[in-house]
Amino acid sequence: VEGNDEITDIAASIRYFIDEIDRRQIDLADNERRFRDLVEGSIQGIIIHRDFRPLYANEAFLQMLGSSLDRALRVRSVLDFIAEDSRPLVEDNYRHIVATGLPSERRRLRARRLDGSERWIELTSRRIDWKGETAVQSIVVDVTREVEAEAALRRSRDAAEQALRELKETQAS
């Protein structure tokens with residue numbers, strides 16, 4: 001619309017707002033794409049949950065769990081993946097994160113895959129806004145190999161210390 005009257009000004013304003021809405025939608029789509037690329041491409045497991053009900057999980061988390069996305073999102077509670085003795089700590093941690101907004105410290109926990117096998121994980125969580133409501137994003141790293149290597153190292157050290165004690169006893173006798 002061309003001209004120098006009130007209707008032309010209104011049309012120009014409407015065109016400006018439509019262009020601005022289009023620009024913001026494009027920016028939002030770009031941000032969402034970047035988020036998905038970052039989260040889906042992460043080698044660390046990521047799960048987003050509210051009151052321990054899973055809302056989202058990336059591929060790395062699903063591989064650790066040994067599950068498909070559909071199956072993982074149908075579980076009653078993400079606590080089902082945590083060993084029984086660690087659940088009270090995780091529940092307290094969740095309440096603290098939601099109440100204060102402060103991220104959790106990294107915690108090493110025993111976890112369970114859907115097939116029942118045990119893993120060791122390091123868990124770090126923080127409060128986020130997910131679709132307009134408070135949720136918790138947890139970063140999960142499988143540290144089973146490290147824990148097993150530490151245990152083997154401790155056993156080797158204990159065996160070496162025992163052998164040294166026996167050698168000293170033999171020398172003394």
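Our structure is the block above this text.
What this report covers is the structure whose coordinates are included nearby. If you're wondering where the values come from, they're calculated on a predicted model, not measured in any experiment. The residue numbers shown here count from 1 along each chain, following its written sequence. Totals for whole chains, interfaces and linings use all residues, but because this is a predicted model, local features are given only for residues with pLDDT of at least 70 and pairs of side-chain atoms are given and counted only at 80 or more. Computation of side-chain values: all heavy atoms of the structure, hydrogens and water removed.

### Observations regarding the environment of L164
The helix count covers DSSP runs of H or I at least four residues long, the strand count covers runs of E at least two residues long, and both are numbered beginning at the N terminus. The residue L164 is located in helix 5 (residues 144–172) in this model. In this structure, the C-alpha to C-alpha distance between L164 and K131, residues 33 residues apart in sequence, is 61 Å.

### Considering the nonpolar core
Ranked by size, the top nonpolar core spans 22 residues in total, and within it F52, F61, F81, V90, L109, I121 and V140 carry the most contacts. Those elements that provide at least two residues to this core are helix 2 (59–65), helix 4 (87–100), strand 3 (107–112), strand 4 (118–130) and strand 5 (133–142). Broken down by element, the residue count for this core peaks at four residues, all from helix 2. For this analysis, residues touch if any pair of their heavy atoms sits within 4.5 Å. Filtering out sequence-adjacent residues up to four positions away, L109 remains in contact with I82, S86, L89, V90, R119, W120, I121 and L123. By size, the runner-up hydrophobic cluster in this structure holds seven residues, among which are V39, I128, W130 and A135. The nonpolar core is taken to be a set of buried Ala, Val, Leu, Ile, Met, Phe, Trp, Tyr and Cys residues, with the residues joined through side-chain atoms within 4.5 Å. In this scheme, a residue with accessible area under 20% of its type's maximum is buried, one over 50% is exposed, and one in between is partly exposed, where area comes from a 1.4 Å probe on protein chains only.

### Side note on the sheet that holds strand 5
In space, the five strands of this open sheet follow the order 2-1-5-4-3, with antiparallel pairing throughout. Looking at strand neighbours, the two that pair on one side only are strand 2 (53–57) and strand 3, the edges of this open sheet. Mean inter-strand twist for the sheet, computed between neighbouring axes without regard to direction, equals 40 degrees. Inspection of the sheet shows strand 1 (residues 45–50) paired to strand 5 by five bridges, in the antiparallel sense. By the bridge assignment for strand 5, I47 is matched with S138. Most of the contacts of helix 1 (residues 6–40) go to strand 2, to which it runs at about 100 degrees, and overall it touches strand 1, strand 2 and strand 4. For helices, the fitted axis covers only the stretch in contact; all axes are lines through C-alpha atoms, and the angles between them, taken along N-to-C directions, range from 0 to 180 degrees. Packing against the sheet, helix 5 makes contact with strand 3, strand 4 and strand 5, and its axis sits at approximately 140 degrees to strand 4. At least two bridges found by DSSP between two strands are what make those strands a pair.

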